[in-house]
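An overview of the molecular structure
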Amino acid sequence: MPLPSTEGWLKIASEFEKTWNFPNCVGAIDGKHIIAIQCPPNAGSAYFNYKGHHSIVLPAVVDANAKFIIIDVGDYGRNSDGGILKESNFGKLLDKNKLNLPTTPRKIHENLEEKFPFVFVVDEAYPLKINLMRPFARRQLNNMKRIYNYRQSRARRIVECAFGILTKRFNVFENKMLVHPDKAVVITQAACVLHNIIMDKESNLTDIHSEIETTTLQVYQEDSNRPTNRRPSREAIEIREKFMSYFNSGIGSVPWQNTYII
């Protein structure tokens, strides 16, 4: 799973725009609990998650085709998605601008003069940053923000899709993985690599569309309900508002989006 080059990130962004109608998106981020591991002696509640199981977490960055770009599996189950991202190797590289991401914002439409940065899409468990776009909270919603949330969630749900396909493809994730956390990490890493190989060889969209059918409604509801106390920067707020304006404009809208906000 090599870190993409700048050209690689540009290709991922092109695929997100073509498939999920979100320009300059270079990945969808989320975390999955690998549940029911054997808790090591003297570990206390470190691995005990909010679902009542001992687990480790698989944080992942996924491309537009449900392939894993970056994983950083092994953090304690009790930790939050946002906290795990901050302390992960990926999160640190992101904050230091060392991911080979395109550094110069670019125009996303020939008839639009404004330039947009390259961003990842996340849910409300993560902070809003200049390179992390999360939905608007439910308490703040008007129709323009609902449109943004729909378009953002439409791109982000591909990471939920990847987790779903991974779980169904490798039954070890559907049952209790009663192994030490270190072994669970290796099993999870191997499964993610095999998942990518299978996705490359099969090039079949059936699994993606089938998984999306089961995750769409859940994702749209979840994305607008999780509150946060983090205070984003003014620049991050302005970038999200630029995307919102674009999605609500004549050149950036899609014909069916109004149906989904009713």
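Residues numbered from 1 in each chain as written. Predicted model: local features only at pLDDT ≥ 70, side-chain atom pairs only at ≥ 80, totals over all residues. Heavy atoms only, no water.

Our focus in this paragraph is unusual backbone geometry. Positive phi is not limited to glycine here, since N24 has a value of about 60°. Residue classification places N24 among the buried positions, given a relative accessible area of 0%. A positive phi angle, near 70°, is found at N100, a position not held by glycine. (Buried < 20%, exposed > 50% of the residue type's maximum accessible area, 1.4 Å probe, protein only.)

One pass over the full model with this rule turns up nine salt bridges. The salt bridge partner of D123 is R156, with a shortest N-O separation of 3.9 Å. In this pair, D123 is assigned in the loop between strand 7 (119–121) and strand 8 (132–133) and R156 in helix 4 (residues 143–169), connecting sequence segments 33 residues apart. Judged by its relative accessible area of 0%, R156 is buried. E241 is paired through a salt bridge with R234; the nearest N and O atoms lie 3.7 Å apart. Taking relative accessible area as the criterion, E241 reaches 33% and is therefore assigned partly exposed. Here the salt bridges do not stand alone but share partners, grouping D30, D123, R156 and E160 into one network. (Salt bridge = Lys/Arg side-chain N within 4 Å of Asp/Glu carboxyl O. Helix = DSSP H or I, 4+ residues; strand = E, 2+ residues; numbered from the N terminus.)

As a further point, take helix 5 (residues 181–202). Taking 1.5 Å per residue as the helical rise, helix 5 with its 22 residues ought to reach 32 Å, and the 31 Å between its terminal C-alpha atoms agrees with that figure. Residues of helix 5 that are buried include every one of P181, A184, V185, T188, A191, C192, H195, N196 and M199, and no others. Each buried residue of helix 5 sits inside an arc of 140° when the element is viewed along its axis, so together they form one side. In helix 5, the exposed positions that point more than 90 degrees away from the buried face belong to D182, K183, V186 and K201. (Expected span 1.5 Å × (residues − 1). Arc of directions from axis to C-beta.)

Next up on the list: the packing of aromatic side chains. Any aromatic ring pair is given by two values, namely how distant the centres are and how the planes are angled relative to each other. Applying the stated criterion across every chain yields a total of eleven aromatic pairs. Measuring from ring centre to ring centre gives 5.7 Å for W9 and F120, while their planes differ by 90°; the resulting arrangement is edge-to-face. In this pair, W9 sits in helix 1 (residues 6–20) while F120 sits in strand 7, placing the two residues 111 residues apart along the sequence. Given the relative accessible area of 0%, W9 is considered buried. Taking relative accessible area as the criterion, F120 reaches 0% and is therefore assigned buried. What links up through ring pairs into an aromatic cluster is the set F22, F116, F136, Y148, F243, Y246 and F247. In this structure, R240 packs its charged tip against the face of F136, placed 3.9 Å from the ring centre. (Phe/Tyr/Trp six-rings, centres within 6.5 Å; stacked < 30°, edge-to-face > 60°. Lys NZ or Arg CZ within 6 Å of the ring centre and 35° of its normal.)

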